[in-house]
Amino acid sequence: MEWLSAENVVAVGTAVIGVVASAVMVWYERRVPRRKRIGYRVQMDNPIGDDVRSGRANVRLGLFDETPGMTDATLVLLRIENDGSQSIAGDDYTSRERHGLTAVFTDRTIRGVSVTQPPGTEHLMDHFTPAAGLSYEDGVLRIPRVPLNRGEHFKLLVLLSGGDVGREIRLIGGLRDGEVSPNRSTTPDDQPPLFSRAARLITVLLTACVVTLALIVVLRDDSPPPIGCEKGTLTVTGSTAFAPVMSELAKKYEQDCEGADIVVDAHGSTAGVRELGEAGAKSSKGAPPVIALSDGPKPSGFPQLRENRVAVSVFVLVVNDDLPVRNLSLADVRRLYRGEIKNWQQLGGPNRPVLLVSRDANSGTRQVFQRRVLGRGEIANSSLDCVHKDDATAPVVRCELDSTGQVLSTVAGLPGAIGYSELNLATGYKGLHQLTLDGHAASVEDLEHGTSSYPYREIEYAYTYGQPPADSLASSFLTYISRGNGQDVIRTHGHLPCGTPVGLKICGTN
């Protein structure tokens, strides 16, 4: 049969294995969001009393027999470990209490607790103090916010009474971008493998099929370029927050489509929209080869501009790491940016003056902040260096910077500073940390799952001057952004594509 060629067999086999592997990976990603995970398991649950309700009689000698209240005593060894692929910091725990996790021993009463750790992790013991939240009451054990590197673990030896062995033992708590759940191991101290033997076999088979198919394709004639490729030059301007996404998309398009030259020149949403409007007004050949990105809808006065909804972006407030503040109410944020709060002591922080690090007037990030969070404009600029007041009558120091990168580096370097940024750019930035608003964290995942009440978010728009011709590079590039690889790049940078089913719903209602 003609269709039963080697390349077709390999292609079909690769597709089948790819579907299975993709399903496994989707399951794994949903099971371990962002690869942060705390696993726990009970390694021992034994009676040490002579009450044989469990059906296992015991022989006791010494203190086990002499100490009062040991008739129905039991010993539990609970192992708690970081079995994900990312380290877990103290502020990754989502508990509103001082402690991070809670162990519940059903129908039993805790009499004592001992903490142990493996060699090389003695530093963990500094976190197990009453001041850090270590305590117990009845059958509830409160465990501090212990930071754990990948693979690190600690154990809790718990003496209990009043109940039988085998009763339910649960570990309750949450992780930002992760989860807490039980795991299993063949022996008490074995580390569970990240991937099962079946998953490793699928990976090997898939790799072999892909390599074979690649060799077949290489030995055949070169494939034609992707459908819809166009040649020419195109300038992408506007939002600095979305510029990293567009830079990667432009590079990939140029690799896929020979003869295309796309330049990303971002210097603010408003400035980009104005530049597009001016270029269109001057052009005598129809729509200019310019796309303007904007964090939120364009200003009024540009009726010729046609909008394309690209993605939903999430933004976040950030503060210097010297401030212990982790959450602010919307009311407090508005007071800060009206200049009513001049010192962090007013919000329970250290004795440091408030330094407001803002974006310039052309910034879409700033406009989203004013529209979605403040409900009004920011107070006047009062400083050039973000440290000293140039206007002595100003209530607080407030400076304006040209890009999100400048805001982040300035906040990270100035104790007492607060600013705002696109979420993905701020994630992992050293010297600062993110704030929750009214207890709601900035999270693309929560937004996509429909569980987010976080206010600081906005649609990213791509504007053209009128409708670009169907055979133009601008039209082709916009189509490339909204499909396949374009959506993958947008997701990789921490945004929700408008072209997905969930994205269409959110982008259509905002």
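Definitions and cut-offs
Residues numbered from 1 in each chain as written. Predicted model: local features only at pLDDT ≥ 70, side-chain atom pairs only at ≥ 80, totals over all residues. Heavy atoms only, no water. Helix = DSSP H or I, 4+ residues; strand = E, 2+ residues; numbered from the N terminus. Contact = heavy atoms within 4.5 Å. Disulfide = S-S within 2.5 Å. Salt bridge = Lys/Arg side-chain N within 4 Å of Asp/Glu carboxyl O. Buried < 20%, exposed > 50% of the residue type's maximum accessible area, 1.4 Å probe, protein only. Polar contact = N/O pair within 3.5 Å; in protein donor to acceptor, adjacent residues only side chain to side chain.

## Observations regarding the environment of E460
Part 1 of the reasoning: Looking at the element boundaries, E460 is found in strand β20 (residues 457-465).
Part 2 of the reasoning: When the C-alpha positions of E460 and P297 are compared, they lie 8.0 Å apart, and in sequence the two are 163 residues distant.
Part 3 of the reasoning: Excluding its chain neighbours within four sequence positions, the residues that come into contact with E460 are S239, F242, S294, D295, N308, R309, V310, A311, S313 and F315.

## Quick notes on the state of the cysteines
Part 1 of the reasoning: Under the definition given, this model contains three disulfides.
Part 2 of the reasoning: What pairs with C386 in a disulfide is C399, and their sulfur atoms sit 1.9 Å apart. Between C386 and C399 the sulfur-sulfur dihedral comes to about 95°; the bridge is accordingly right-handed. Of this pair, C386 sits in the loop between α7 (364-374) and β16 (397-401) while C399 sits in strand β16, and the two are 13 residues apart along the sequence.
Part 3 of the reasoning: What pairs with C498 in a disulfide is C507, and their sulfur atoms sit 1.9 Å apart. Measuring handedness by torsion sign, the sulfur bridge of C498 and C507 sits at about -75° and is left-handed.

## Focus on the pattern of salt bridges
Part 1 of the reasoning: If you walk through the whole model with that rule in mind, you get 23 salt bridges.
Part 2 of the reasoning: In this structure, D322 engages R352 in a salt bridge whose closest nitrogen and oxygen atoms are separated by 2.4 Å. Here R352 lies in the loop between α6 (330-337) and β15 (355-359) and D322 lies in the loop between β13 (305-320) and β14 (327-328), a separation of 30 residues in the sequence.
Part 3 of the reasoning: Accessibility expressed as a relative area gives 33% for R352, which makes it partly exposed.
Part 4 of the reasoning: The shortest N-O distance in the salt bridge between E340 and R338 comes to 2.8 Å.
Part 5 of the reasoning: Connected through salt bridges with shared partners, the residues D332, R335, R338 and E340 form a single ionic network.

## What to know about the side chain of K155
Part 1 of the reasoning: Mapping K155 onto the fold places it in strand β7 (residues 153-161).
Part 2 of the reasoning: Reaching out from K155, the side chain makes a polar contact with the side chain of Q43 at a distance of 3.4 Å.

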